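Summary of structural features
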Amino acid sequence: MTTTLYIGEFLALVREGHWEYVERVKASGAAIIVAVTDDAKLLLVEQYRIPCHARTIELPAGLIGDEGGASDEPHAEAARRELLEETGYEAGQIEPLVSGPASGGLAGEIVTLYRATQLRRVNAGGGVEHEDITVHEVPLAEVEAWLAVRAKAGVLVDPKIYAGLHFIGSRRE
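This structure is a prediction, so every number in the text was calculated from the model and none was measured.

**Notes on the nonpolar core**
If you look at soluble globular proteins, the nonpolar side chains tend to sit buried side by side. By size, the foremost hydrophobic cluster in this structure holds 22 residues, and its most contacted members are Leu42, Leu44, Leu59 and Ile161. Every element with two or more residues in this core is listed here: β4 (29-35), β5 (41-49), β9 (110-121), α2 (143-152) and α3 (160-170). Apart from residues lying up to four places away in sequence, Ile161 is in contact with Leu42, Leu44, Ile57, Glu58, Leu59 and Leu147. Listed in part, the 14 residues of the second largest apolar core include Ala31, Ala91, Tyr114 and Ala116.

Here it is in structure tokens:
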């Protein structure tokens, strides 16, 4: 038996049997984008994350179907939209890499990792009005060392970055 314990503007807290978890109220999933420029730089974003009480470095990402009741938004289009909003880059090509749970013990949300190539910068990025996103363009050859320095400085590094690096390393043309 499933019981909804609380419904907020964006999340619902649900109990099913002995398990409690969250569900998105206005979204059908999330897109995470591994974007590599033509000159072999990985696009990363940095922002303060309230739940972590820290700045985090992440791949560009965002919710699918959360804009104006567009729950049927095509996933690849959401990935394109989020990449542009957060980084200021348009993708000439975008392809799905893998889908799965972001945190299977906490949420039912399914995320899809996309690879974006043929990038063209059209604006500064930085997110929408309530976001304060810093865009980083890090050479692929230096990204792991760069992340280690940032982590040592106290910035949290999202482990999904390493998953993205795995996929682009194993799928390079």
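On we go.
**Some thoughts on the pattern of salt bridges**
Scanning the model with the defined rule gives 15 salt bridges in all. Two residues, Lys26 and Glu9, come together in a salt bridge whose shortest N-O distance is 4.0 Å. With a gap of 17 residues between them, Lys26 in the loop between β3 (19-24) and β4 and Glu9 in the loop between β1 (2-7) and β2 (11-16) connect regions that are remote in the sequence. For Lys26, a relative accessible area of 41% translates into the label partly exposed. Residue classification places Glu9 among the exposed positions, given a relative accessible area of 53%. Residues participating in the shared-partner salt-bridge network are Glu73, Arg81, Glu82 and Glu85.

**Regarding the sheet that holds β3**
Here 3 strands make up an open sheet; going across it, the order is β1-β2-β3 and the pairing antiparallel. Bordering the open sheet on either side are β1 and β3, each of which pairs with just one other strand. When strand polarity is set aside, the average angle formed by the axes of neighbouring strands in this sheet is 30°. In the sheet, β1 pairs with β2 via 5 bridges, with the strands oriented antiparallel. Bridge pairing links Thr2 to Glu16 in β2.

**Description of the layout of surface pockets**
The volume enclosed by the largest pocket comes to roughly 1,700 Å³. Residue lining of the largest pocket: 47 residues in total, with Arg24, Arg49, Glu58, Leu63 and Glu109 positioned closest to the centre. Elements that contribute at least two residues to the lining of the largest pocket include exactly β3, β4, β5, β6 (54-58), β7 (61-64), α1 (75-87), β9 and α3. In terms of residue class, the lining of the largest pocket is made up of 22 nonpolar, 8 polar and 17 charged.

Procedures and definitions
Residues numbered from 1 in each chain as written. Predicted model: local features only at pLDDT ≥ 70, side-chain atom pairs only at ≥ 80, totals over all residues. Heavy atoms only, no water. Core = buried A, V, L, I, M, F, W, Y, C linked by side-chain atoms within 4.5 Å. Buried < 20%, exposed > 50% of the residue type's maximum accessible area, 1.4 Å probe, protein only. Helix = DSSP H or I, 4+ residues; strand = E, 2+ residues; numbered from the N terminus. Contact = heavy atoms within 4.5 Å. Salt bridge = Lys/Arg side-chain N within 4 Å of Asp/Glu carboxyl O. Pairing = 2+ DSSP bridges. Axes fitted to C-alpha atoms, helices over the stretch in contact; angles between N-to-C directions. 1 Å grid on protein atoms, 1.4 Å probe; cavity = no way out; pocket = protein on both sides within 12 Å on 5 of 7 lines; lining within 4 Å. Points joined across faces, edges and corners; volume = space filled by probe spheres on them. Nonpolar A, V, L, I, M, F, W, Y, C, P; charged D, E, K, R; others polar.

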